[in-house]
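What follows is each chain in one-letter form.
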Amino acid sequence: MTNNVPTPASGEGHSTGLALVTGATGGIGCSIVNTLQEAGFDVVAADISVPTDQAILAKHQGGRVLRHHVDVANEASVAALFAACYETFGRYPTHLVNNAGVQTWKPLIELELHEWERTIATNLTGCFLLTRCFARHLIADNQPGAIVNIGSGCNKLAFPSLVDYAASKGGVEMFTKSSALELGPHRIRVNCIAPGAIETQRTQQESADFAGSWAALTPLRRVGQPSDVSASVLMLLSESSSFITGQTINVDGGVFSCAVWPEKDA
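Model, not experiment: these values are computed from the prediction.

**Some words on the overall build of the protein chain**
No. 1: The secondary structure content of the protein chain amounts to seven helices and nine strands.
No. 2: Within the span of the protein chain, comprising 266 residues, buried residues form 47% of the whole.
No. 3: Long-range contacts, defined here as pairs at least 24 residues apart, represent 69% of the contacts in the protein chain between residues at least 6 apart.
No. 4: Carbon and sulfur atoms make up 56% of the accessible area of the protein chain, which totals about 13,300 Å².

Here is the structure:
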């Protein structure tokens with residue numbers, strides 16, 4: 001591994017905590033990293049797209065950011081990530097954001113087994129592996145902590161041609177509740193955020209006018225931005241949410257609160 005990781009100064013950047021964010025190079029993930037770093041967190045920005053031979057620690061106004069490779073579906077890779085956290089910062093993360101996710105746009109009868117397994121492994125098994133490792137370290141150190149899992153409107157609603165994604169995100173919501181139940185006595189909170197239509201480079205490719213078409217369906221009459229999600233993540237990780245656990249917050253402008261209803265003047 002290329003050693004670009006300086007030894008942190010004693011006590012530097014410890015006021016807010018050390019946060020670990022997976023899926024950190026995408027639109028929402030990058031926004032979460034920036035928001036937490038600006039709030040004073042030291043942040044480990046982990047993603048499968050980060051080269052395995054690089055571990056780069058950058059110092060910014062606010063907290064420091066370590067960019068590190070991880071395959072969230074691989075137990076050994078997850079363990080190596082936490083070891084790197086400790087090696088770099090002298091402590092394990094106190095805050096975790098499970099944001100890594102993939103999806104397959106295919107009807108059920110066309111979906112291949114390897115596509116199903118990839119989505120479940122990344123979105124759900126990855127969430128389990130990161131949460132388990134995170135909690136084990138905090139419990140061993142008798143430290144409190146907070147977790148935010150990134151779900152979806154698919155947590156509760158079925159979307160066409162997204163059967164693997166919907167199944168995984170429904171699992172993430174129930175995993176959030178189960179984790180909150182078991183980890184609460186150890187002072188570890190676990191919550192979920194379910195974004196609605198969020199405008200990113202990826203979602204812009206879903207339709208010719210992603211923002212316009214979804215804004216028309218959304219009560220607030222706009223689509224969401226990654227910053228809408230990252231602001232909610234920061235809230236749930238902060239002490240202002242110290243009595244909130246096991247919950248899912250829809251960051252969707254109200255779009256998934258709308259029932260299908262016939263036109264009044266039809």
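Structure shown, so let's carry the discussion forward.
**Notes on the pairing of strand β6 (residues 95-98)**
No. 1: Side chains His95 and Val97 of β6 all project onto a buried face; the interleaved residues Leu96 and Asn98 project onto the opposite face, where all are buried too.
No. 2: Across three bridges, strand β2 (residues 18-22) lies against β6 in parallel orientation. Within β6, the position partnered with Ala19 by the bridge is His95.
No. 3: At this point the chain moves from β6, through helix α3 (residues 113-141), to the parallel strand β7 (residues 145-150), and the crossover so formed is right-handed.

**Regarding the packing of aromatic side chains**
No. 1: Scanning the entire structure with this criterion turns up three aromatic pairs.
No. 2: Here the aromatic rings of Tyr86 and Tyr92 are separated by 4.8 Å at their centres, their planes lie at 35 degrees, and the arrangement is tilted.

**Quick look at the packing of α3 against helix α4 (residues 163-183)**
No. 1: For the pair α3 and α4, the least separation of the axes is 8 Å and the interaxial angle reads 15 degrees. In terms of orientation, α3 lies roughly parallel with respect to α4. Handedness of the crossing formed by α3 with α4: right-handed. Residues Glu115, Trp116, Thr119, Ile120, Asn123, Leu124, Cys127, Phe128, Thr131, Ala135 and Ile139 of α3 form the contact with α4, whose participating residues are Val163, Asp164, Tyr165, Ala167, Ser168, Lys169, Gly171, Val172, Phe175, Ser179 and Leu183.
No. 2: Of the residues that constitute the contact of α3 with α4, the class distribution is 13 nonpolar, six polar and three charged.

**Things to note about the nonpolar core**
No. 1: Core analysis: the largest hydrophobic core is formed by 27 residues, its most contacted members being Leu20, Val44 and Leu130.
No. 2: Mapped by element, the contributors of at least two residues to this core are β2, β3 (42-47), β4 (54-59), α2 (75-89), α3, α4 and β8 (188-195).
No. 3: If we skip the residues at most four places from it in the chain, Leu20 touches Val44, Ala46, Leu81, Phe82, Pro93, His95, Leu96, Val97 and Leu130.
No. 4: Core analysis: the second largest hydrophobic core is formed by 22 residues, Ile28, Ile32, Val33 and Leu237 among them.

**What to know about the confidence of the model for the protein chain**
No. 1: Per-residue confidence for the protein chain gives a mean pLDDT of 88, with 86% of residues at or over 70.
No. 2: Low pLDDT (under 50) marks residues 1-14, which in the prediction has 29 contacts with non-local residues, meaning those over four places away or in another chain.

**With respect to the pattern of salt bridges**
No. 1: According to the stated counting rule, one finds six salt bridges in the structure shown.
No. 2: Each of Asp42, Arg64 and Arg91 takes part in a single network of salt bridges with overlapping partners.

**Describing helix α1 (residues 27-38)**
No. 1: Look at α1: 17 Å from first C-alpha to last across twelve residues, which is about the 16 Å you get at 1.5 Å a residue.
No. 2: On its buried face, α1 is in contact with β2, β3, β5 (64-69), β6, β7 and α7 (226-237).
No. 3: Positive backbone phi, at 105 degrees, marks Gly40, one or two positions downstream of α1.

The rules behind each value
- Residues numbered from 1 in each chain as written.
- Predicted model: local features only at pLDDT ≥ 70, side-chain atom pairs only at ≥ 80, totals over all residues.
- Heavy atoms only, no water.
- Helix = DSSP H or I, 4+ residues; strand = E, 2+ residues; numbered from the N terminus.
- Buried < 20%, exposed > 50% of the residue type's maximum accessible area, 1.4 Å probe, protein only.
- Contact = heavy atoms within 4.5 Å.
- Areas by Shrake-Rupley, 256 points an atom, 1.4 Å probe, with all protein chains shown as cover.
- Pairing = 2+ DSSP bridges.
- Right-handed = clockwise from strand over helix to strand, strands pointing away.
- Phe/Tyr/Trp six-rings, centres within 6.5 Å; stacked < 30°, edge-to-face > 60°.
- Axes fitted to C-alpha atoms, helices over the stretch in contact; angles between N-to-C directions.
- Parallel < 35°, antiparallel > 145°, perpendicular 65-115°, else oblique.
- Left-handed = near helix turned anticlockwise from the far one by under 90°.
- Nonpolar A, V, L, I, M, F, W, Y, C, P; charged D, E, K, R; others polar.
- Core = buried A, V, L, I, M, F, W, Y, C linked by side-chain atoms within 4.5 Å.
- pLDDT = per-residue confidence, 0-100.
- Salt bridge = Lys/Arg side-chain N within 4 Å of Asp/Glu carboxyl O.
- Expected span 1.5 Å × (residues − 1).

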